[in-house]
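Structure at a glance
Chain residues, written in single-letter form:
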Amino acid sequence: MTRELAITVMIALAVVVLLAMFFAWRRRLRRDSGLTAPLGVPEHAEVVRRDEVLYVSTTRHDQPLERLAVSPLTYRARGELAVTDRGVALCLDGSPTVFLPSSRLVQVDRATVTIDRVVEPGGLIRISWSTDDDTVVDSYLRLATGDPKNLISELQRLVPVSDASAAPDTGAIR
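Residues numbered from 1 in each chain as written. Predicted model: local features only at pLDDT ≥ 70, side-chain atom pairs only at ≥ 80, totals over all residues. Heavy atoms only, no water.

In this section: the pattern of salt bridges. What the rule picks out here adds up to 10 salt bridges. Across the pair glutamate 66 and arginine 28 runs a salt bridge, and its minimum N-O distance is 3.7 Å. Remark: arginine 28 occurs in helix 1 (residues 3–31) and glutamate 66 occurs in strand 2 (residues 63–67); sequence separation between them is 38 residues. For glutamate 66, a relative accessible area of 25% gives the class partly exposed. Through salt bridges with shared partners, one network takes in Arg28, Arg31, Asp32 and Glu66. (Salt bridge = Lys/Arg side-chain N within 4 Å of Asp/Glu carboxyl O. Helix = DSSP H or I, 4+ residues; strand = E, 2+ residues; numbered from the N terminus. Buried < 20%, exposed > 50% of the residue type's maximum accessible area, 1.4 Å probe, protein only.)

A separate point is the packing of aromatic side chains. For the coordinates displayed, the defined rule picks out 2 aromatic pairs. Here the aromatic rings of tryptophan 25 and tyrosine 75 are separated by 5.8 Å at their centres, their planes lie at 40°, and the arrangement is tilted. With a gap of 50 residues between them, tryptophan 25 in helix 1 and tyrosine 75 in the loop between strand 2 and strand 3 (77–84) connect regions that are remote in the sequence. Take tyrosine 75: its relative accessible area is 52%, and that puts it in the exposed class. (Phe/Tyr/Trp six-rings, centres within 6.5 Å; stacked < 30°, edge-to-face > 60°.)

Our focus in this paragraph is helix 2 (residues 149–158). Residues that lie three or four places apart on an α-helix share one face, since the helix turns once every 3.6 residues. Residues of helix 2 that are buried: Leu151, Ile152, Leu155 and Leu158. One side of helix 2 holds all its buried residues, which, seen down the axis, span an arc of 105°. For helix 2, the exposed residues lying more than 90 degrees away from the buried face are Asn150 and Arg157. In this fold, the buried residues of helix 2 make contact with strand 1 (47–60), strand 3, strand 4 (87–92), strand 6 (105–111), strand 9 (124–130) and strand 10 (136–143). (Arc of directions from axis to C-beta. Contact = heavy atoms within 4.5 Å.)

Let us now look at unusual backbone geometry. For the bond from serine 71 to proline 72, the omega torsion is 0°, close enough to zero to count as cis. Tracing the sequence through the fold places proline 72 in the loop between strand 2 and strand 3. In this model, aspartate 62 sits at a positive phi of 60°, which is unusual for a non-glycine residue. Along the chain, the position of aspartate 62 falls in the loop between strand 1 and strand 2.

By the element assignment, arginine 117 lies in strand 8 (residues 117–118). The spatial distance from the C-alpha of arginine 117 to the C-alpha of threonine 36 is 23 Å, given a sequence separation of 81 residues. Excluding residues that lie within four positions of it along the chain, arginine 117 makes contacts with Leu54, Val56, Arg76, Thr112 and Leu124.

To continue, consider the environment of arginine 126. Topologically, arginine 126 is positioned in strand 9. For arginine 126 and cysteine 91, which are 35 residues apart along the polypeptide, the C-alpha to C-alpha distance reads 17 Å. Residues within four places of arginine 126 in sequence aside, it is in contact with Asp62, Gln107, Val108, Asp109, Ala111, Asp138, Ser139 and Tyr140. In terms of polar contacts, arginine 126 uses its side chain to reach the side chain of aspartate 138, at 3.4 Å. (Polar contact = N/O pair within 3.5 Å; in protein donor to acceptor, adjacent residues only side chain to side chain.)

Now the structure itself:
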């Protein structure tokens with residue numbers, strides 16, 4: 001095999017791999033096009049706390065390696081998480097503000113792994129919430145600075161307690 005033929009084969013292989021990645025991502029976008037996050041913050045929401053975060057991903061509930069392309073939470077981004085008295089606002093760079101009212105929140109806890117990211121134990125914040133069609137998804141955030149313990153406590157206060165899922169409070173952060 002000549003050098004030129006070897007280079008041509010390698011370039012062709014790279015193009016095939018890149019095209020496969022491109023078409024797989026487009027298929028995922030089509031598959032998840034029905035899933036959307038609620039937009040816009042209510043007028044009289046009082047901001048309790050603001051934190052700089054890195055939005056990592058949104059996945060199927062309890063399946064941290066199955067990425068979903070929920071609009072506008074499709075791509076990783078830096079931004080700000082604002083905890084309000086009515087829910088959580090996620091203001092990501094280059095995207096409209098996503099507002100998760102407390103009625104849509106299912107669970108808030110810590111995580112260690114999600115697609116594209118493995119961190120120290122409990123280094124990610126996992127917010128489980130319901131999309132418009134009542135599909136439960138998990139969104140993962142990483143706090144830019146500091147320990148997420150206090151932020152998680154604030155977020156857990158927003159999660160409505162249902163009689164069926166009420167558990168005794170042990171004071172431990174999940």
